[in-house]
Amino acid sequence: MKKRIILTMLALCLVLGMMPGRARADDQIPSSGSCGKNLTWSYANKTLTISGIGDMDNFSEDYVDYVNENLAPWYGLIRGCNTIVIEDGVTSIGNLAFFRLLDVTSITIPNSVTRIGDFAFCNCSALTTIVIPESVIEMGEGVFSGCIGLTDIPDVKNITSINAGTFGGCTGLKQITIPEHITSIGEMAFSACEGLTDLVIPSSVTDIGDKAFSSCTGLTRVTIPNSVNNFGENIFQFCSGIREITFQEGVTTIGEAMFRKCESIESITIPDSVTHIDREAFSSCNGLTSITIPGSVKSFGKGIFYGCENLTDVEFLDGVTQIPFWCFSKCKRLTNVTIPGSVVSIDQAFSFCDNLSDVYYGGTKEQWELITINADSSDPLLRVNLHFSDTPYIPDDGHIHNYIPGEPVPPTCETRGYTIYTCECGDTYRDNETPAVGHSYGGWTVVREATETHTGLRERSCGVCGNTQSEIIPKLDPEPSEPSRPSKPSEKPSKPEKPTEKPVEPEIPAQPETPVQPQEPVVPVPVYDDVAPDAWYSEAAAYVASKGLMAGTSEGNFSPNEQMTRAMVWTVLGRMAGADVDGSGSEWYAKAQAWAAASGVSDGTNPNGGVTRQELAVMLWRSAGSPEGTAEMSAFSDGGEVAEWASAAMRWAVANGVLNGDNGALKPGAPASRAEVAAMLMRFCEKMGL
């Protein structure tokens, strides 16, 4: 649902950015008013001023209903307002606060502001630069989307993630260097930045989300740093100007449809470190004429070079074991392919390659006949000229693989099914992928009723996997007749007075227990300002708070993206075990450190160091008594990156659902955020019955 909202809003930004702006139809708006519990606004001399102390209201909370009455009270200033001044004391800028103030060229943000809400400056098309103070620790999605005049991205020192759609449609961006402290780039963060020509992604970045740079048609060259271990889908699709791609040595994965329809790419060098190329990675790259696949690549998705119409020569190097389904389908000019003797499976890879005439195989005819070949009438592999080697193919180590298929892994709602083929030497490859089945949602259940002042929330669950989808319920329309009703009970105060002659009743002492009950349905509902109701970690954040395991970082904030330190995790696990780990000692974590070392949960070293996903799994595994785990790490694209000392714990954590993969990757060495820790703690407690 969240992705659909972002897509809708970004599309809206791009459409509105091309439309002329005008004030409200009646051209009448007030010159001042309230915009928060303790905030006011005023407009004079083309300047909008926000004053007071506290948080600004959020506007248009459902994001897509941008024409409703919940727009900011100054929305009529689409034209005419040149300057925004936010005075010291204001602590947050609300969602869609300054949406489509087309003439704003100057914005002053004080050091008191800590949060900037979703789409806050969306479509402020005259804005060219903006300074964000270091006090800001949270920025929402789409904050500057559609700001076509913006020429550079602001460096926000205490923000580590560029969230979804932040700079989508900012066509004025030309050359950008992403700051060194950024670790993740969200989905569609820079999509449709058509003026962007040069991009530098620092080695600090570990995650790049879906369509992060899609439709950046002016981009000519891209370097993928080896720090990135989690790729979304379609990251550079439709970047028709890209001619040069550099993968740093150490990159292990090329993501799904990563360069789809990048029609100017003429050549690609894939380093030996790459072990997996995901489906449709270079599909419809019509400028590509030749490609060499290194032997390090052990797994492929489908249709990697599908529709590359000008591809003429392909060479697979020794070590490649499979050529997947529709790998080169509709590569109409493909004439020659070199296939090494290490290949054991070819699955309809050359369908509709009408000009393929010669295949050069690095083994003997007898070895070719042992290959599992799946071809149909559209596959020229059945009628090409086959050229065999004079000598049998023997790998460098002298071992000829004999792969045996394991039990097929069935598809889930969100992940594809597959089969792992394993040789007795331990080498494996993944094949026979089947598509995800998709969620099967039931009916909606209201979690929080909507009122006249607050939106509600409803949820529905998938009957197959239990995944929960949330949706905001709009505020209720006010009913003027309702306020008069409370006067009726006040006409009969005398009746309740009689029981006051008997103030002490035997049943009364038992009643204090009942106030606990109304709090139970509140637990799954997010209680933090920075935890959206439909965030994947919202239930976990509420759960750990209700259990007293994790508290917010400040009033109203959970800080889901901040990293947890080892000392913080010791404290949480100590609380879970019922130990006294809070306060006292030369350091705040002294008791927790001593408990962790004494209990064997941790060695107690490096308290201020960040905890990784595999380190957290080890601590939880030890807390559970170090049980045996059965999950296979080879099922994940980065399973080989799991440290030996963490292997048993990771197998247990995955097998018991405490740790889930992300797009087929475990990310064992990635920092564990507060959101991830909360989710793993919740799953652990549920598994252990705590």
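Asker: I keep staring at the packing of helix α4 (residues 538–546) against helix α9 (residues 674–688) and nothing clicks. Help me out?
Answerer: Each pair of packed helices gets described by two things: the angle between the helix axes and the distance between those axes. Axis separation between α4 and α9 bottoms out at 8 Å; the angle between their running directions is 65 degrees. If you check the angle between α4 and α9, you find them roughly perpendicular. α9 is crossed by α4, and the crossing has left-handed handedness. The residues of α9 that touch α4, namely those facing E539, A540, A541, Y543 and V544, are A678, A679, L681, M682, C685 and E686. Taken together, the residues of the contact of α4 with α9 break down into 9 nonpolar, no polar and 2 charged.

Asker: Help me out: how do you make sense of helix α7 (residues 613–623) in this one?
Answerer: Since there are 3.6 residues in each turn of an α-helix, residues three or four apart along the chain are aligned in direction. With respect to burial, α7 is a largely interior element, 9 of its 11 residues being buried. Looking only at α7, the buried set comprises R613, Q614, E615, L616, A617, V618, M619, L620 and W621. The inward-facing, buried residues of α7 contact α5 (566–576), α8 (647–655) and α9. Positive backbone phi, at 95 degrees, marks G625, one or two positions downstream of α7.

Asker: Just to check I follow, could you spell out the nonpolar core for this structure?
Answerer: The tendency in soluble globular proteins is for nonpolar side chains to be buried as a group. Among the nonpolar cores identified, the biggest contains 112 residues, and F98 and F236 are the most heavily contacted of them. Those residues within four positions of F236 in sequence are excluded, and the remaining contacts are L199, F213, S214, L219, V222, I224, I242, M258, F259, R260 and C262.

Asker: Quick question: what am I supposed to make of the confidence of the model for the protein chain here?
Answerer: Where the model shows low pLDDT, its predicted coordinates should not be examined in detail. A residue-level look at the protein chain finds 84% of positions with pLDDT of 70 or above and a mean pLDDT of 82. Low confidence marks residues 14–27, where pLDDT is under 50. Its contacts with residues over four positions away, or in another chain, come to 21 contacts. Below pLDDT 50 for its whole length, residues 61–68 participates in 21 contacts with residues either more than four positions away or in separate chains.

Asker: Where do I start with the packing of α5 against α7 in this structure?
Answerer: Taken N-terminus to C-terminus, the directions of α5 and α7 make an angle of 25 degrees; their axes are 11 Å apart at the nearest point. Judged on the interaxial angle alone, α7 and α5 are roughly parallel. The interaxial crossing formed by α5 with α7 has right-handed handedness. Contacts between α5 and α7 pair R566, V569, W570, L573 and M576 from the former with E615, L616, M619, L620 and S623 from the latter. A breakdown of the residues in the contact of α5 with α7 according to their chemical character gives 7 nonpolar, 1 polar and 2 charged.

Calculation notes
The numbering scheme is per chain: residues are counted from 1 as the chain's sequence reads. Selection of residues for local features in this predicted model requires a pLDDT of at least 70, selection of side-chain atom pairs for listing and counting requires 80 or more, and totals for whole chains, interfaces and linings are taken over all residues. Heavy atoms from the whole structure form the basis of all side-chain values; hydrogens and water molecules are not counted. Comment: axis = line fitted to C-alpha atoms, over the contacting stretch for helices; angle = value between 0 and 180 degrees taken between N-to-C directions. Strands are runs of DSSP state E lasting at least 2 residues, helices are runs of H or I lasting at least 4, and numbering of each runs from the N terminus. Roughly parallel means an angle under 35 degrees; roughly antiparallel, over 145; roughly perpendicular, 65 to 115; everything else is oblique. Working rule for handedness: look at the near helix, and if it is turned counterclockwise from the far one by less than a right angle, call the crossing left-handed; if clockwise, right-handed. Contact criterion: two residues are considered in contact whenever any of their non-hydrogen atoms come within 4.5 Å of each other. Amino acids outside the nonpolar list (Ala, Val, Leu, Ile, Met, Phe, Trp, Tyr, Cys, Pro) and the charged list (Asp, Glu, Lys, Arg) are all regarded as polar, and Gly is one of them. Relative accessibility under 20% of the residue-type maximum defines a buried residue, over 50% an exposed one, and the middle range a partly exposed one, all with a 1.4 Å probe and only protein chains included. Think of a nonpolar core as a cluster: buried Ala, Val, Leu, Ile, Met, Phe, Trp, Tyr and Cys residues, connected wherever their side-chain atoms sit within 4.5 Å. A residue's pLDDT is the predictor's confidence in that residue, given on a scale from 0 to 100.

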